[in-house]
Amino acid sequence: MPPAESPLRIELALGDITKERVDAIVNAANSGLRGGGGVDGAIHRAGGPEIMEECRRIGHCDPGDAVITGAGRLPARFVIHAVGPVWEGGRDDEELLLASCHERALELAREHGCRTVAFPAISTGAYGYPPELAARVALRATIEALERLPMIEKVRFVFVDENLLEIYGRALAHLKESAERSV
Ligand code: APR
C-alpha cells in the first residue's frame, strides 16, 4: 500500500520503523532509558549495543520529554527516545504528556539538522493509551510543531499494525477537515 500523503507534511505508512531511511526515528522509551519490548526492543536489537551505551550515559528522561542518541547500525542517523505517558484513564495529564513528547522529539530533530523524522504510535502498546485518543493527540501536536519548524520537511508515522494505520488515517483526515474549515 503506498503511504498516505498529506499536505501537512505528514505521511502514514505500514512497516518496521527500524528500517526507515529518515534522519531520525523516534523510540517509545521508558524514563529509565533501559530498553524494553515493543518498538524499544526492536530498535535496540536492530541498532546494536551503541545506542544502549549512550542511553546509559544519559540515564533518565521524564515522561513528556525526549533525548537523542546516535543510531548504531540503523539506516537512520539518530534515535530520539521519547517517553510517552502510561494510560491512567485520562486522569493523569496523559494528553499533555503525549503531546509534549512529540513536540520535544521534533525540537530535538530540528536542533540536530534533521529534515525527515519517523514516529511509532507512542504509548499505544505496553502503556495502554487508547489508539483513537492517542492518534488525535499525537497528530495534532505534530501538526502544531511543524508549523513552528519549517525546516522539517516530512514526518512519517509508521505502524506494524494495519488497524492502527486506519485509526491514525481517520484522525488525520478529521484534523485536515477541521484545518480547512478554519481557513
Ligand atoms: N515499528 C513500528 N511500530 C512498532 C514496532 C516496530 N518495529 N514494534 C512495535 N510497534 C508498535 C506497537 O504496535 C505499538 O502500537 O509501537 C507501538 C508502541 O508500543 P510499545 O512499543 O509498547 O510502546 P509504549 O506503549 O509507548 O510503551 C513503552 O514499552 O517497550 C517498552 O521500554 C518501553 O517501557 C516502555 C514501554
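Now for a quick tour of the structure. Being a predicted model, the structure only gives us computed values, none of them experimental.

**A short note on the pattern of salt bridges**
- Applying the stated criterion across every chain, the model contains 10 salt bridges.
- One salt bridge in this structure joins D16 and K19, with 3.4 Å as the shortest N-O distance.
- Exposure remark for D16: the relative accessible area of 29% places this residue in the partly exposed category.
- Of the residues examined, K19 reaches a relative accessible area of 59% and is grouped as exposed.
- The salt bridge partner of R77 is D23, with a shortest N-O separation of 3.3 Å. Of this pair, R77 sits in the loop between strand 3 (66–70) and strand 4 (78–83) while D23 sits in the loop between strand 1 (10–14) and strand 2 (24–29); the two residues are 54 residues apart in sequence, bridging distant segments of the chain.
- By relative accessible area, which is 43% here, R77 ends up partly exposed.
- Taken together, the shared-partner salt bridges in this structure form one network comprising E11, E20, K154 and R156.

**Re the sheet that holds strand 3**
- Spatially, 6 strands are ordered 1-6-5-2-4-3 in an open sheet, and the strand pairing comes out mixed. Every interior strand has two partners, whereas the edge strands, strand 1 and strand 3, have only one. This sheet shows a mean twist of 25 degrees between the axes of neighbouring strands, independent of strand direction.
- Pairing of strand 2 with strand 5 (residues 116–119), which is carried by 2 bridges, proceeds in the parallel orientation. Paired with A24 across the two strands is V117, which belongs to strand 5.
- Across the face of the sheet, helix 1 (residues 38–47) comes into contact with strand 2 and strand 4 while running at roughly 130 degrees to strand 2.

**Remarks on the pairing of strand 2**
- Across the 6 residues that make up strand 2, a large majority, 5, are buried.
- As defined by bridge partners, strand 2 adjoins strand 4 across 6 bridges and the pair is classed as parallel. If you follow N27 over to strand 4, its bridge partner there is H81.

**Remarks on the site of the ligand**
- Around the ligand, a shell composed of 22 residues is seen, among which N30, D40, S123, T124 and A126 lie nearest.
- In the model, an oxygen atom of the ligand is placed 2.7 Å from a nitrogen or oxygen of the D40 side chain.
- G125 is positioned such that a nitrogen or oxygen atom in its backbone is 2.9 Å from an oxygen atom of the ligand.
- With the chains in place, 87% of the 700 Å² that the ligand exposes on its own is no longer accessible.
- Judged by the proximity of its atoms to the pocket grid, the ligand belongs to the largest pocket.
- Per-element accounting of the shell around the ligand gives the leading share, 4 residues, to helix 1.
- Residues that form the shell around the ligand fall into these classes: 11 nonpolar, 9 polar and 2 charged.

**Overview of the packing of helix 1 against helix 2 (residues 49–58)**
- Where helix 1 meets helix 2, the closest approach of the two axes is 6 Å, and the angle between their N-to-C directions is 120 degrees. Taken together, the axes of helix 1 and helix 2 are oblique relative to one another. Facing I43, H44 and G47 of helix 1, the residues of helix 2 in contact are P49, I51, M52 and C55.
- For the contact of helix 1 with helix 2, the class distribution of residues is 5 nonpolar, 2 polar and no charged.

**Some thoughts on the packing of aromatic side chains**
- Counted according to the given criterion, the structure contains 4 aromatic pairs.
- An angle of 50 degrees between the planes, with centres 4.7 Å apart, marks the rings of W87 and Y129 as tilted. Of this pair, W87 sits in the loop between strand 4 and helix 3 (94–111) while Y129 is found in the loop between strand 5 and helix 4 (131–148), placing the two residues 42 residues apart along the sequence.
- Classification of W87 as partly exposed rests on a relative accessible area of 25%.
- When the ring of F157 is compared with that of Y168, the centres are 6.2 Å apart and the planes differ by 35 degrees; the resulting orientation is tilted. Linking F157 in strand 6 (residues 154–159) with Y168 in helix 5 (residues 162–181), this pair joins segments that are 11 residues apart in sequence. The same class applies to F157 and to Y168, which are both buried.

The rules behind each value
Residues numbered from 1 in each chain as written. Predicted model: local features only at pLDDT ≥ 70, side-chain atom pairs only at ≥ 80, totals over all residues. Heavy atoms only, no water. Salt bridge = Lys/Arg side-chain N within 4 Å of Asp/Glu carboxyl O. Buried < 20%, exposed > 50% of the residue type's maximum accessible area, 1.4 Å probe, protein only. Helix = DSSP H or I, 4+ residues; strand = E, 2+ residues; numbered from the N terminus. Pairing = 2+ DSSP bridges. Axes fitted to C-alpha atoms, helices over the stretch in contact; angles between N-to-C directions. Contact = heavy atoms within 4.5 Å. Near = heavy atom within 4 Å. Polar contact = N/O pair within 3.5 Å; in protein donor to acceptor, adjacent residues only side chain to side chain. Areas by Shrake-Rupley, 256 points an atom, 1.4 Å probe, with all protein chains shown as cover. 1 Å grid on protein atoms, 1.4 Å probe; cavity = no way out; pocket = protein on both sides within 12 Å on 5 of 7 lines; lining within 4 Å. Sits in = over half its atoms within 2 Å of the grid points. Nonpolar A, V, L, I, M, F, W, Y, C, P; charged D, E, K, R; others polar. Parallel < 35°, antiparallel > 145°, perpendicular 65-115°, else oblique. Phe/Tyr/Trp six-rings, centres within 6.5 Å; stacked < 30°, edge-to-face > 60°.

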